[in-house]
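# Architecture at a glance
Below are the chains, spelled out letter by letter.
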Amino acid sequence: MSSNSTADRKPMIKYKKAPDAPKRFKSAFIFYSTAKHKEIRERLGREKASTQKTTHIAKVVSQSWKELSPRDREKWLEMARADKARYEEEKANYSGTWRVATTLHPKHPDAPKKPMSAFLAFSNGKRKQVKEANPGLNSAGLSRTLADMWKNAPKDERQKYIDDEY
């Protein structure tokens, strides 16, 4: 048998959490965040909130959590303690496996590859020329220069590579 045959390749085994295993407990901040996310979106304004990025909303939620008084925070901490107790109880009563194996079959070496992008074809064609013109350039600098050349290339030159892409 040749070394490229499918019988010689072993599937990779990766483990994931068992679907019926107890779900991990949530922190006080997670409880607070899920409850306040919509509320803060509304406070920012209906038209403004739809254009706001989720990361910005998360920062606002985080800031409001930091500014929360210990008395107000106690409600969320109590919810977290109750959830942790739920998890510990479910964990103690759970007798199944915690991890389930999933197999990932490696790609066949003769399988077709994705077509080369227009930019990659452009880069491969110009790389040697740019390297000769700038011998002190490292690979990151070379890639940066090629990217700038691609951005500034005339539309007809770029179109030639785009047409060859497919």
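Numbering of residues begins from 1 in every chain and follows the order in which that chain's sequence is written. Local features in a predicted model are, by the rule used here, given only for residues with pLDDT of at least 70; side-chain atom pairs are given and counted only at 80 or more, and totals for whole chains, interfaces and linings are based on all residues. Side-chain metrics in this entry use all non-hydrogen atoms of the structure; hydrogen atoms and water are not considered.

## Quick word on the overall build of the protein
We count it as follows: Each helix corresponds to a stretch of at least 4 residues labelled H or I by DSSP, and each strand to a stretch of at least 2 residues labelled E; elements are numbered beginning at the N terminus. Whether two residues are in contact is decided by their heavy atoms, any of which lying within 4.5 Å being enough.
A tally of helices and strands in the protein yields 7 helices and 2 strands. Moving toward the C terminus, one meets the helices and strands of the protein in the order β-α-α-α-α-β-α-α-α. Excluding contacts between residues fewer than 6 apart, the proportion of contacts in the protein whose partners are at least 24 apart in sequence is 71%.

## Focus: the side chain of Asp 83
Short version of the rule: Identification of polar contacts relies on pairs of N or O atoms within 3.5 Å, with a donor-acceptor requirement for protein atoms, meaning one able to donate a hydrogen and the other able to accept it, and with residues adjacent in sequence counted only if both atoms are side-chain atoms.
Inspection of the secondary structure puts Asp 83 in helix H4 (residues 70-93). For Asp 83, the side chain forms a polar contact with the main-chain nitrogen of Lys 26, separated by 2.6 Å.

## Regarding a positive patch on the surface
As a reminder of what qualifies: Patches draw on residues past 30% relative accessible area with no salt bridge. Two like charges within 9 Å are joined, as are two nonpolar side chains (Val, Leu, Ile, Met, Phe, Trp, Tyr) within 5 Å. Exposure was quantified through the Shrake-Rupley algorithm and a 1.4 Å probe, taking into account, for residues, occlusion by the shown protein chains and nothing else. By definition here, a salt bridge exists when the distance from a side-chain nitrogen of Lys or Arg to a carboxyl oxygen of Asp or Glu is within 4 Å. Charge counting treats Lys and Arg as positive and Asp and Glu as negative, with His and both chain ends excluded. The location of each charge is read from NZ of Lys, CZ of Arg, CG of Asp or CD of Glu. Only protein chains enter the accessibility calculation, which uses a 1.4 Å probe; a residue is then buried when its area is under 20% of its type maximum, exposed when over 50%, and partly exposed in between.
On the surface, a cluster of positive charge is contributed by Lys 17, Lys 23, Arg 24, Lys 84 and Lys 91. Secondary-structure assignment places Arg 24 in the loop between strand E1 (12-17) and helix H1 (28-44). For Arg 24, a relative accessible area of 56% translates into the label exposed.

## Points about the nonpolar core
A general feature of soluble globular proteins is that nonpolar side chains tend to end up buried together. Using the following cut-off: Each nonpolar core is a collection of buried residues, namely Ala, Val, Leu, Ile, Met, Phe, Trp, Tyr and Cys, held together in the definition by side-chain atoms within 4.5 Å.
Ranked by size, the top nonpolar core spans 10 residues in total: Ala 28, Phe 31, Tyr 32, Ile 40, Ile 57, Val 61, Trp 65, Leu 68, Trp 76 and Ala 80. For this core, the secondary structure elements donating two or more residues are H1, helix H3 (54-66) and H4. Sort the elements by how many residues they give to this core and H1 lands first, with 4 residues.

## Side note on H4
Note the threshold: How far a helix is expected to stretch is found by multiplying one less than its residue total by 1.5 Å.
With 24 residues, H4 should reach 34 Å at 1.5 Å per residue; the first-to-last C-alpha distance of 34 Å fits that figure. When H4 is considered as a whole, its buried residues turn out to be Trp 76, Ala 80, Asp 83 and Tyr 87. Buried residues along H4 sit against H1 and H3.

## Side note on the confidence of the model for the protein
Quick reminder of the rule: Residue-level confidence of the predictor is summarised by pLDDT, bounded by 0 at the bottom and 100 at the top.
In the predicted model, the protein carries a mean pLDDT of 84, and 88% of its residues have values of at least 70. Highest mean pLDDT in the protein belongs to H4 (94); lowest belongs to helix H2 (residues 46-51) (57).

## Things to note about the pairing of E1
To be explicit about the condition: When DSSP finds two or more bridges between a pair of strands, those strands are recorded as paired.
Within E1, only 0 of the 6 residues are buried, leaving the element largely exposed. Here E1 pairs with strand E2 (residues 99-104) via 6 bridges, running antiparallel. Directly across from Ile 13, in E2, lies its bridge partner Thr 103.

## Some points on the pattern of salt bridges
Per the stated rule, a full pass over the model turns up 6 salt bridges. Residues Glu 78 and Arg 81 are paired through a salt bridge, measuring 3.3 Å at the closest nitrogen-oxygen approach. Of this pair, Glu 78 and Arg 81 both sit in helix H4, 3 residues apart, which is roughly one turn of that helix. Asp 83 is paired through a salt bridge with Arg 86; the nearest N and O atoms lie 3.0 Å apart. Of the two residues, Asp 83 and Arg 86 are both situated in helix H4; the distance of 3 residues between them amounts to about one turn of the helix. What you see here is one network of salt bridges that share partners, running through Glu 74, Glu 78 and Arg 81.

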